[in-house]
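# Residue-level structure breakdown
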Amino acid sequence: MSLSSRHLLGLYGVPKEDIQLILDTATTFREVLERPIKKVPTLQGKTIVNLFYENSTRTRISFELAQKRLSADTVNFSTSTSSAKKGESFKDTVRNIEAMKVDMIVVRHQSAGIPYFLTRISKANIINAGDGLHEHPTQALLDMYSIREKLGTLKGLNVCIVGDIAHSRVAMSNIFGLKTMGANVSVCGPSTMIPVGIEELGVKVCKNIDEAIKNNDVLNVLRIQLERDAGSRIPSIREYHNFFGITSERLEKNNKNILILHPGPINRGVELSSEVADGPYQIILDQVTNGVAVRMAVLYLLGTMN
């Protein structure tokens, strides 16, 4: 089996069979990560460029590790040390990189639509590692994998995405992916952080965090993105935590069996209390480990199509 597209630009419109194939393939690579030698020759001879125009820790390292575990040759691009600082356009930068005969490009950019633009000017396989407020497909895939790993299925689960929905590309990809896989999706957060008309995507809006905890199997708690001016949408960080922060007391009172996810980095004492961030409900570090396996799966499936 193979994917229906040679690129991964987002999860909107991606068929269920493709998502299922990625998750099932990730299970195989998850086993590889437990071996003494965590490396396979699958993409030996392939050259992959990580084209990151935005800061990243987990996503960038995860992709780089996934590439090295698949024996690919990896090149990391940094704007701070590139000709972009001299005024070179994005288009010219990409064309020069492609002239060096690369096979795949993993791109992270502050502008929505850049991964799609790359498909118009490059022959390489393109993987979206986050574009503006659009999508972050591999984060959603690793979230779904982590949920399925713990609960056995995605179909029929009640999943609530909590927090700064308006600024979150992670939320968008999770909504598209989870809905495709048969989960019931809702969002919860301050009204100023919930996009107008989001119900049209087939999700419910919950305004009370205690109800969200009580009525769902999973909470995927998002970071308040202060660098995107999210702080202007709430009176204060303290008030946000008082009304929407996830605490041990709230979990014990409303749902002792709930599963907590967070894409990181965590603002401790804001989205999650430290007790929750380090406690038995969360699977945050499992998400990080699973992210390598999921990205290995995506790279393998796309890299072996040509």
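The structure this text deals with has already been given above.
Cut-offs applied
Residues numbered from 1 in each chain as written. Predicted model: local features only at pLDDT ≥ 70, side-chain atom pairs only at ≥ 80, totals over all residues. Heavy atoms only, no water. 1 Å grid on protein atoms, 1.4 Å probe; cavity = no way out; pocket = protein on both sides within 12 Å on 5 of 7 lines; lining within 4 Å. Points joined across faces, edges and corners; volume = space filled by probe spheres on them. Helix = DSSP H or I, 4+ residues; strand = E, 2+ residues; numbered from the N terminus. Nonpolar A, V, L, I, M, F, W, Y, C, P; charged D, E, K, R; others polar. Polar contact = N/O pair within 3.5 Å; in protein donor to acceptor, adjacent residues only side chain to side chain. Contact = heavy atoms within 4.5 Å. Buried < 20%, exposed > 50% of the residue type's maximum accessible area, 1.4 Å probe, protein only. Pairing = 2+ DSSP bridges. Right-handed = clockwise from strand over helix to strand, strands pointing away. Axes fitted to C-alpha atoms, helices over the stretch in contact; angles between N-to-C directions.

Here the focus is the layout of surface pockets. Counted as a void, the largest pocket has a volume near 470 Å³. Lining the largest pocket are 22 residues, and of these Arg 108, Arg 169, Arg 223, Gly 264 and Pro 265 sit closest to its centre. Of all the secondary structure elements, the ones that give two or more residues to the lining of the largest pocket are helix 2 (58-69) and helix 6 (169-180). Partitioning the lining of the largest pocket into residue classes produces four nonpolar, 11 polar and seven charged.

Looking at where Arg 108 falls in the secondary structure, it is placed in strand 3 (residues 104-109). In terms of polar contacts, Arg 108 uses its side chain to reach the side chain of Thr 59, at 3.4 Å. Excluding anything up to four places from it in sequence, Arg 108 contacts Leu 51, Phe 52, Tyr 53, Glu 54, Asn 55, Ser 56, Thr 59, Ala 129, Gly 130, His 136 and Arg 169.

The buried count for strand 1 (residues 47-52) comes to six of six residues, which makes it a mostly enclosed element. Alignment of strand 1 against strand 2 (residues 73-78), held across six bridges, turns out to be parallel. Among the inter-strand pairings, Leu 51 is bridged to a residue of strand 2, identified as Phe 77. Handedness of the β-α-β unit built from strand 1, helix 2 and strand 2 comes out right-handed. Of the pairings in the sheet, the one linking strand 1 to strand 3 comprises five bridges and is parallel in character. Paired with Phe 52 across the two strands is Arg 108, which belongs to strand 3.

On to the sheet that holds strand 8 (residues 218-221), then. Sheet architecture is open: five strands sit in the order 7-6-5-8-9, paired in parallel fashion. Of all strands in the sheet, those with a lone pairing partner are strand 7 (204-206) and strand 9 (259-261), marking the two edges. Neighbour to neighbour, the strand axes of the sheet diverge by 25° on average, direction disregarded. Bridge analysis of strand 5 (residues 158-162) against strand 8 gives four bridges, and the strand direction is parallel. Along strand 8, the bridge assignment pairs Val 159 with Val 218. Along the sheet, helix 5 (residues 137-151) contacts strand 8 and strand 9; its crossing angle with strand 9, the most-contacted strand, is approximately 160°.

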